[in-house]
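Commentary on secondary and tertiary structure
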Amino acid sequence: MSAFIQSNKAAAEGPSLIGRRRLLPRLRSHGGALWRRWRYPFTRRTPLLIETAYNPKTLAAEKEIVDKRPLYWIAGLLVLLVVPPVFGDNSFLSAATVFAIYAAINIVWMLMIGTAGIFSLATLAVVGAAAYTVSYISIHTGLPWWGMIAVSPLVGLLFGVLIAIPAIRLEGFYYALLTVGIADLCREFVLQTQALGAASYGLYGADTYVPKGISERGGLLLSFYAAFVVMLAALALYRMVNGQRLGLLLRTAPEGQEAFAAALGINYRAARIQVFLISSAALGAIGGFYATYFKGASPALFTMDSLLLLLAMIVIGGIGTAEGAVVGTLIVVLFDRVFIGLGPVRLIIIAMIMFGTVLFLRRGLFGIAPQFRAWRDKRRSERRALRTGEGDDIMPEDATQIADKQAIYTQRFDKQLREELKKLVTDELIAEHRRTDGGRRSDALERILTFFRRAEVAGKYAILAEKPFAAYRIVALSGKRGMPPRLVDDQVFATQEEAQHGVFLKRIRDLLDS
């Protein structure tokens, strides 16, 4: 009786811990209370995606933040906002301002290269054209600094329209060469035009937002905070474009997968041009701010040195991510502006960092985590294959890490079922599938087709109609929203029935090889 009372008392106190404890504690859930979801303005994205799950050891409901990147962004931006004014001298504060301007340019450039897939190297040319134009207007007409910033997006948009016209016909390497030539033509034009300060190698004397009479430290602080706001505006633009409809459409049509997007009725060319024009207007606005900060513009904006330095920033950080643009810019500016006492050695260091990134990393510094996870999973699979020769059985040491034990038995059942279905595969059964398309089939063929239908979406074969009633190809579904399927091979089928039988043959081959 006493043992029964003690057991009931232990059960009332709660379940005891079994196995390893968590390294990091998690917040307890609110149970049935509904979460009030906040969303980013003009988007459907929530700042923090929180889900509730039961702890397999304590059986307690716990909250977990699925995507912690917003927290990392807030912490990183706060560090960038506080460290330069508090701990930096005037030269460090000036370098921080240049970093914020370059980071804003690279973030917008990511929209062109990563989101739109247009490899334009005329980014600084758009910034320079806007800076020179508004500086000239300010010097000769007295346009104030806020008018310069208001006019500069229109200049960037006009320049972007001129550059976007060849993008309709040229792609990839040829368009990159064209934009390099455009940037060099702009440099030669400003160097040979007396009205743009050819003799003095620059056009200066424009209005600035820094008030007269302010101290040097106060002016540097004001410039840093203004450049930081410009960087935040570039991040907001990146979120609004890349995270919304245009970004989703263009993620459906990456380079080499345009045929699938066209088959879905997506006008990916128009979407790319829209993103390119939006980015050009934003680059023009940054050029206007550049002119108000430096009180003019310099031909250095059009040089190949500046372009290569900008390219090193996005390659080191990782092409296609806003965080890669910011971190890559931070690393390059740190060596180029802060450690200027190293002399030419600092450029060699930047080149070595870029060389190591390209040689050992797939997508820059922010591709390390997924690349490491892929390598770790591959090593685990290799070790599991060496430990067992029974195919898909889960090893005991791996089974302890699976919370849902039903998955173990489901996998064992699938293995046994595949072994039984392999015995049914014969030449007569394959011929029956070709002969009885849509008609009555034997029990063995129906069992195999039912097994194929219940397969997961990821990796499942499907038919892509490149030309209805004329050309069909086989693709494999990705199983992820926004990620297009991949072409399996180069075989083209004349009819839909032949394509369906081709899918059946591939599934049979996968079944026999499993």
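All values reported here derive from a predicted model rather than from experimental measurement.

Scanning the protein chain from N- to C-terminus turns up 19 helices and 7 strands. Across the 514 residues in the protein chain, those meeting the buried criterion constitute 39%. Of the contacts formed within the protein chain by residues at least 6 apart in sequence, a portion of 65% connects residues at least 24 apart. Accessible surface, the protein chain as shown: approximately 30,100 Å² in total, 62% of it carbon and sulfur.

Looking now at the sheet that holds strand 7 (residues 486-487). Strand order in this open sheet of 3 strands is 5-6-7, and the pairing throughout is antiparallel. The sheet is open, and its two edges are formed by strand 5 (461-467) and strand 7, each paired on a single side. Pairing between strand 6 (residues 471-476) and strand 7: 2 bridges, direction antiparallel. Counterpart to Val 475 in the pairing with strand 7 is Leu 487. Running over the sheet, helix 19 (residues 496-513) touches strand 5 and strand 6 and is turned about 150° from strand 5.

Checked against the element boundaries, Thr 292 lands in helix 10 (residues 268-294). A residue is classified by how much of its surface remains accessible, and Thr 292, at 0% relative accessible area, is buried.

Helix 13 (residues 345-360) packs onto helix 12 (residues 322-338) with a crossing angle of 160° between their chain directions and a minimal axis gap of 8 Å. Comparing their axes, helix 13 and helix 12 come out roughly antiparallel. Crossing of helix 12 over helix 13 shows right-handed handedness. Taking contact as the criterion, the partners of Ile 331, Val 332, Phe 335 and Asp 336 in helix 12 are, on helix 13, Arg 346, Leu 347, Ile 349, Ile 350 and Ile 353. For the contact of helix 12 with helix 13, the class distribution of residues is 7 nonpolar, no polar and 2 charged.

With that settled, the discussion passes to helix 12. When the terminal C-alpha atoms of helix 12 are compared, their 23 Å separation across 17 residues agrees well with the 24 Å that a helix rising 1.5 Å per residue should span. With 12 of 17 residues buried, helix 12 is to be regarded as a mostly interior element. Every buried residue of helix 12 is accounted for by Ala 322, Glu 323, Gly 324, Ala 325, Val 326, Gly 328, Thr 329, Ile 331, Val 332, Val 333, Phe 335 and Asp 336. For helix 12, the secondary structure elements touched by its buried residues are helix 2 (69-87), helix 3 (90-115), helix 7 (216-242), helix 11 (304-317) and helix 13. Among the residues of helix 12, the N-terminal cap falls to Thr 321, whose side-chain oxygen and the backbone nitrogen of Gly 324 are separated by 3.2 Å.

In this section: the packing of aromatic side chains. Counted by the stated rule, this structure contains 11 aromatic pairs. One aromatic cluster is present, built from ring pairs that chain together Trp 145, Tyr 209 and Phe 289.

Bringing a nonpolar patch on the surface into the picture now. On the surface, a nonpolar cluster with roughly 490 Å² of combined accessible area is contributed by Leu 48, Leu 71, Tyr 72, Ile 74 and Leu 78. The residue Tyr 72 is located in helix 2 in this model.

For the rest of this paragraph, the subject is helix 16 (residues 406-422). Spanning 17 residues, helix 16 covers 24 Å between terminal C-alpha atoms, matching the ideal 24 Å at 1.5 Å per step. Among all positions in helix 16, only Ile 408, Asp 414, Lys 415, Leu 417, Arg 418, Leu 421 and Lys 422 are buried.

With that out of the way, let us pick up the environment of Glu 456. Here Glu 456 is to be found in the loop between helix 18 (443-453) and strand 5. Along the primary structure Glu 456 and Leu 477 are separated by 21 residues, whereas in three dimensions their C-alpha atoms are 9.7 Å apart.

With that settled, the discussion passes to unusual backbone geometry. Unusually for a residue other than glycine, Lys 295 sits at a positive phi of about 60°. Within the fold, Lys 295 resides in the loop between helix 10 and strand 4 (296-297). For Lys 295, a relative accessible area of 43% gives the class partly exposed. For Phe 469, which is not glycine, the phi torsion reads 65° and is therefore positive. Here Phe 469 is to be found in the loop between strand 5 and strand 6. For Phe 469, a relative accessible area of 75% gives the class exposed.

Under the criterion given, the structure shown has 10 salt bridges. Between Glu 446 and Arg 441 there is a salt bridge, and its shortest N-O distance comes to 3.9 Å. In this structure, Arg 473 engages Glu 466 in a salt bridge whose closest nitrogen and oxygen atoms are separated by 3.2 Å. One connected set of salt bridges, linked through shared partners, spans Asp 184, Arg 187 and Glu 188.

Our focus in this paragraph is the packing of helix 17 (residues 427-435) against helix 18. At a minimum axis distance of 10 Å, the contact between helix 17 and helix 18 shows a crossing angle of 80°. Here helix 17 is positioned roughly perpendicular relative to helix 18, judged by the angle of their axes. Of the residues in helix 18, those in contact with Leu 429, Glu 432 and His 433 of helix 17 are Ala 444, Leu 445, Ile 448 and Leu 449. Classifying every residue of the contact of helix 17 with helix 18 gives 5 nonpolar, 1 polar and 1 charged.

As a further point, take the nonpolar core. Formed by 88 residues in total, the largest nonpolar core has its most connected members in Ile 105 and Trp 109. When residues in this core are grouped by element, the largest group, 17 residues, is from helix 3. Non-local contacts of Trp 109, meaning those with residues more than four positions away in its chain, are made with Ser 120, Leu 121, Thr 123, Leu 307, Leu 310, Leu 311 and Ile 314. Of all hydrophobic cores here, the second largest spans 12 residues; its members include Leu 417, Val 425, Ile 508 and Leu 511.

Averaged over every residue, the pLDDT of the protein chain is 80; the share at 70 or more is 83%. Counted against residues more than four places away or in other chains, residues 1-20, with its pLDDT under 50, gives 7 contacts.

Bringing the side chain of Lys 422 into the picture now. Secondary-structure assignment places Lys 422 in helix 16. Look at Lys 422 and you get buried, because its relative accessible area is 18%. With residues up to four places along the chain from it excluded, the contact list for Lys 422 reads Leu 511, Leu 512 and Ser 514.

Reading the values: the criteria
- Residues numbered from 1 in each chain as written.
- Predicted model: local features only at pLDDT ≥ 70, side-chain atom pairs only at ≥ 80, totals over all residues.
- Heavy atoms only, no water.
- Helix = DSSP H or I, 4+ residues; strand = E, 2+ residues; numbered from the N terminus.
- Buried < 20%, exposed > 50% of the residue type's maximum accessible area, 1.4 Å probe, protein only.
- Contact = heavy atoms within 4.5 Å.
- Areas by Shrake-Rupley, 256 points an atom, 1.4 Å probe, with all protein chains shown as cover.
- Pairing = 2+ DSSP bridges.
- Axes fitted to C-alpha atoms, helices over the stretch in contact; angles between N-to-C directions.
- Parallel < 35°, antiparallel > 145°, perpendicular 65-115°, else oblique.
- Left-handed = near helix turned anticlockwise from the far one by under 90°.
- Nonpolar A, V, L, I, M, F, W, Y, C, P; charged D, E, K, R; others polar.
- Expected span 1.5 Å × (residues − 1).
- Polar contact = N/O pair within 3.5 Å; in protein donor to acceptor, adjacent residues only side chain to side chain.
- Phe/Tyr/Trp six-rings, centres within 6.5 Å; stacked < 30°, edge-to-face > 60°.
- Patch = residues over 30% accessible without salt bridge, like charges linked within 9 Å, V, L, I, M, F, W, Y side chains within 5 Å.
- Salt bridge = Lys/Arg side-chain N within 4 Å of Asp/Glu carboxyl O.
- Core = buried A, V, L, I, M, F, W, Y, C linked by side-chain atoms within 4.5 Å.
- pLDDT = per-residue confidence, 0-100.

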